[in-house]
Amino acid sequence: MSSGQDTKGAEGGDNSNDKKEEGSSNSQGAAGGDNPDSKEGGESQTTEKNYSLQIQHISERYIVFTSEEEKKSALFDAFAVSLGLKDEPKIESLLDTVDFNGIVKYIKDGKAKNIITMAGAGISTSAGIPDFRSPETGLYDNLQKYNLPEPTAVFSIDYFKENPEPFFMLARELWPGVFKPTTCHYFIRMLQEKGLLLRHFTQNIDTLESVAGLDPEVCVEAHGHFRTGHCIQCRAEYTQDWMKERIMKPSIPKCEAKGCEGVVKPGELSPLWTKRKMFCFQLIE
């Protein structure tokens, strides 16, 4: 009988007082009930754990440690700084001066080995090609003659399929050969010639990087280019000369592949270029 009662109690049977008292004690400790010391201790441990996890995530992603001891020391220092127990370490500046001259000196001193450049419409405005959003002079402010539902429609593939004429009217104005590369384009080529350029990313489709002599192998033209065009239906590829002859006629270039009458759009990325672009972006990330 005694043995049965003990077993029942141990299994959570009728011995409710002991269980209630024990549960109450445990829940108070876990929740930090009326005991201020327990609450403070619990919060401190939780805070410390959260800080440690955050710092460890950051350190493992961005810092390479040579030993476990070095890693522990760095984590301890970062944790101490985050709690205000230690002054933030002074970070050595890479540049003598944080301005254009400082960057030039850093490159001339041979400290920059793998330079990545990223460009947009701004590097071509001095060549006479308008950017998109500048008031009065920007492209979007000067498209009234194309009778577009909205300025951005000229670059919309959906609108292009419905009415390709506005795009080709604009293409005649911006066609490569009309404009010359700027000092900025030639600066990027100079970085390439000196073996310092790792990759150049551009949003522009004016091909001025190519005209300036930049190697296509280091240049990622994120929005395509005018050197080739592709049928928007069957993806057949066409040369720049083939497109120029038809666009400047003027007419809308149509695919010549058997059984296809799709429109050929310059600046379209081929499937290979799309994969290459995504791969390069992954390298940067």
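Residues numbered from 1 in each chain as written. Predicted model: local features only at pLDDT ≥ 70, side-chain atom pairs only at ≥ 80, totals over all residues. Heavy atoms only, no water.

**A word on the pattern of salt bridges**
Taken as a whole and judged by the stated rule, the model has 8 salt bridges. The partner of E245 in a salt bridge is R246, and the shortest N-O contact between them spans 3.8 Å. Owing to a relative accessible area of 52%, E245 belongs among the exposed residues under this scheme. Salt-bridge contacts for E256 lead to R246; the nearest nitrogen and oxygen are separated by 3.1 Å. (Salt bridge = Lys/Arg side-chain N within 4 Å of Asp/Glu carboxyl O. Buried < 20%, exposed > 50% of the residue type's maximum accessible area, 1.4 Å probe, protein only.)

**As for the UniProt feature "binding site: Zn(2+)" (unreviewed entry) in the protein**
Within this structure's numbering, the places UniProt gives as "binding site: Zn(2+)" (unreviewed entry) are C231, C234, C255 and C280. Position of C234 among the secondary structure elements: in the loop between β4 (228-231) and β5 (237-239). Non-local contacts of C234, meaning those with residues more than four positions away in its chain, are made with C255, A257 and C260. (UniProt positions renumbered as here; feature names shortened; annotations may be inferred. Helix = DSSP H or I, 4+ residues; strand = E, 2+ residues; numbered from the N terminus. Contact = heavy atoms within 4.5 Å.)

**Points about the sheet that holds strand β3 (residues 219-221)**
Strand pairing within a sheet occurs via backbone hydrogen bonds; the two strands may be parallel or antiparallel. Within the open sheet, the 3 strands sit side by side as β1-β2-β3. Their pairing is parallel. Strands with a single pairing partner mark the edges of an open sheet, and in this sheet they are β1 (115-119) and β3. Here the strands of the sheet are splayed against their neighbours by 10° on average, with no regard to which way each runs. Bridge analysis of β1 against strand β2 (residues 197-202) gives 5 bridges, and the strand direction is parallel. Looking at β2, one finds that I115 is bridged to L197. Running at roughly 155° to β2, helix α8 (residues 183-193) makes contact with β1 and β2 of the sheet. (Pairing = 2+ DSSP bridges. Axes fitted to C-alpha atoms, helices over the stretch in contact; angles between N-to-C directions.)

**What about empty space enclosed by the protein?**
One way to see where empty space is left: roll a probe the size of a water molecule over the atoms. Scanning the entire structure with this criterion turns up 1 cavity of 30 Å³ or more. Here the largest cavity defines a volume of roughly 30 Å³. Its residues assigned to classes, the lining of the largest cavity shows 3 nonpolar, 1 polar and 3 charged. (1 Å grid on protein atoms, 1.4 Å probe; cavity = no way out; pocket = protein on both sides within 12 Å on 5 of 7 lines; lining within 4 Å. Points joined across faces, edges and corners; volume = space filled by probe spheres on them. Nonpolar A, V, L, I, M, F, W, Y, C, P; charged D, E, K, R; others polar.)

**Thoughts on the nonpolar core**
Formed by 15 residues in total, the largest nonpolar core has its most connected members in F168, M243, C255 and V264. With near-sequence residues (within four places) excluded, F168 lies in contact with F160, I247, I252, P253, V263, V264 and P266. (Core = buried A, V, L, I, M, F, W, Y, C linked by side-chain atoms within 4.5 Å.)

**Section: the state of the cysteines**
Under the counting rule described, the total for this entry stands at 0 disulfides. Between C234, a free cysteine, and C255, which holds the nearest cysteine sulfur, the sulfur-to-sulfur gap is 3.6 Å. (Disulfide = S-S within 2.5 Å.)

**Observations concerning the layout of surface pockets**
In this structure, the largest pocket spans a volume of roughly 600 Å³. Looking at the largest pocket, it is lined by 26 residues, and the ones nearest its centre are F132, F155, Q203, I205 and H223. Where the lining of the largest pocket is concerned, the elements lending two or more residues are α7 (165-174) and β6 (264-266). If you tally residues by element for the lining of the largest pocket, the top one is α7, at 4 residues.

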